[in-house]
Amino acid sequence: MAPRHFLELRDLDAATLRAILAVAARIKHAQAGRRRPLHPGRPLAGRVLGLMMEKPSTRTRVSFEVAMLQLGGEVIVLSPRDTQLGRGESIADTARVLSRFLDALVLRTDDTAKLAALVAHSSIPVINGLTARSHPTQILADILTFEEHRGPIAGQIVAWCGDGNNMARSWIEAAPRFGFTLNLATPAALAPDPAVIDWARAQGGSIIVAGNAREAVRGARCVVTDTWVSMSDDPAADRGAILSPYRVDAGLMAQAAADALFMHCLPAHRGEEVTDAVIDGPWSVVFDEAENRLHAQKGLLAWVLGGDDWTTIGDIAA
Ligand code: CP
Ligand code: NVA
């Protein structure tokens with residue numbers, strides 16, 4: 001069987017994405033409150049996931065590690081410092097070698113070409129753990145979170161306010177797959193790649209480029225933002241002048257649907273893209289969203305590593 005790479009949301013059809021979330025939800029409920037892996041529910045026993053993290057990570061790294069442990073598998077974290085990649089060994093040779101040891105690999109890197117090279121030379125599945133371009137594993141958790149709080153996301157309006165960054169791109173790709181309308185409010189200079197919007201529309205997605213943040217949030221059941229300076233950006237960049245009109249504050253949330261949620265992949269820069277009143281306020285589900293990284297990773301790992309019967313991993317504690 002060809003390796004099941006998870007590189008971009010667009011690569012998977014809606015039914016597969018839905019099935020991943022359904023398995024995630026079943027495992028979440030089965031393992032609710034448990035701190036230890038279930039026995040005999042160790043469906044990934046003997047499987048080893050490599051985490052290649054070229055950039056910092058709290059949620060992605062820890063959620064993948066805990067997800068593997070709770071499903072009976074193991075994880076090896078590989079930072080560039082610890083491998084010969086840091087001394088110039090090629091990604092192709094590294095991929096060939098790691099494919100002999102590991103069952104799957106997660107890569108977090110700025111460099112999309114590196115992810116592509118890893119895929120090209122790996123015989124094991126590769127998961128995009130964030131690039132400068134996209135962050136698809138985050139979206140799985142985000143959809144799970146919305147639907148836990150508000151029911152099906154299909155037909156709803158989600159508003160993105162802020163930088164047209166990697167998270168924005170993954171939300172755009174999610175729109176046609178999950179059937180929601182995405183209203184985008186970004187400064188023109190930081191707008192997402194028009195090609196991804198064209199792709200989403202060609203797939204039947206409803207993507208609306210709004211004139212400003214207030215317009216974008218009108219009718220939205222979910223308002224989403226992210227840092228103004230991503231890991232792939234110049235850390236000295238000061239984008240406050242162009243992004244401050246997109247800050248999510250209580251006044252902006254008041255323009256959204258009465259029961260609108262606020263989501264943010266975290267880490268947040270309080271007082272910049274979002275105020276304390278919003279992130280700590282009644283709209284915010286950001287910590288449920290963070291927790292759901294763990295549950296979503298389990299659904300994803302089931303699909304990536306579980307073979308033909310992968311959905312039965314959702315039955316582990318039944
Ligand atoms: N949201 C997210 O991916 O967080 P980390 O950078 O901590 O992994
Ligand atoms: N857009 C952010 C997301 C962090 C999880 C970044 O790339 O730094």
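Here is a short report on the structure shown in this document.

In spatial order, the strands read β7-β6-β5-β8-β9; together these five strands make up an open sheet with parallel pairing. Taken across any chain shown, the strands that pair with only one partner, and hence form the sheet edges, are β7 (206-209) and β9 (261-264). Along the sheet, successive strands turn relative to each other by an average axial angle of 20 degrees, direction set aside. Both strand β6 (residues 181-185) and β7 contribute to a ladder of four bridges, which runs parallel. Its bridge partner lying in β7, L184 is registered against V209. Set on the sheet, helix α7 (residues 194-202) makes contact with β6 and β7; between it and β7 the angle comes to about 140 degrees.

Time to look at the packing of helix α5 (residues 136-150) against helix α12 (residues 286-305). Any two packed helices are characterised by the angle at which their axes cross and by the distance between the axes. Running from amino to carboxyl end, α5 crosses α12 at an angle of 115 degrees, the nearest separation of the two axes being 8 Å. When the axes of α5 and α12 are compared, the pair comes out roughly perpendicular. Our pair here, α5 against α12, has a crossing hand that is right-handed. When α5 is examined against α12, the residues T137, Q138, L140, A141, D142, L144, T145, E148 and H149 are found in contact with a partner set consisting of D288, E289, N292, R293, H295, A296, Q297 and L300. In terms of residue class, the contact of α5 with α12 is built from five nonpolar, seven polar and five charged.

Definitions and limits used
Residues numbered from 1 in each chain as written. Chains lettered and ligands numbered in written order. Predicted model: local features only at pLDDT ≥ 70, side-chain atom pairs only at ≥ 80, totals over all residues. Heavy atoms only, no water. Pairing = 2+ DSSP bridges. Helix = DSSP H or I, 4+ residues; strand = E, 2+ residues; numbered from the N terminus. Axes fitted to C-alpha atoms, helices over the stretch in contact; angles between N-to-C directions. Contact = heavy atoms within 4.5 Å. Parallel < 35°, antiparallel > 145°, perpendicular 65-115°, else oblique. Left-handed = near helix turned anticlockwise from the far one by under 90°. Nonpolar A, V, L, I, M, F, W, Y, C, P; charged D, E, K, R; others polar.

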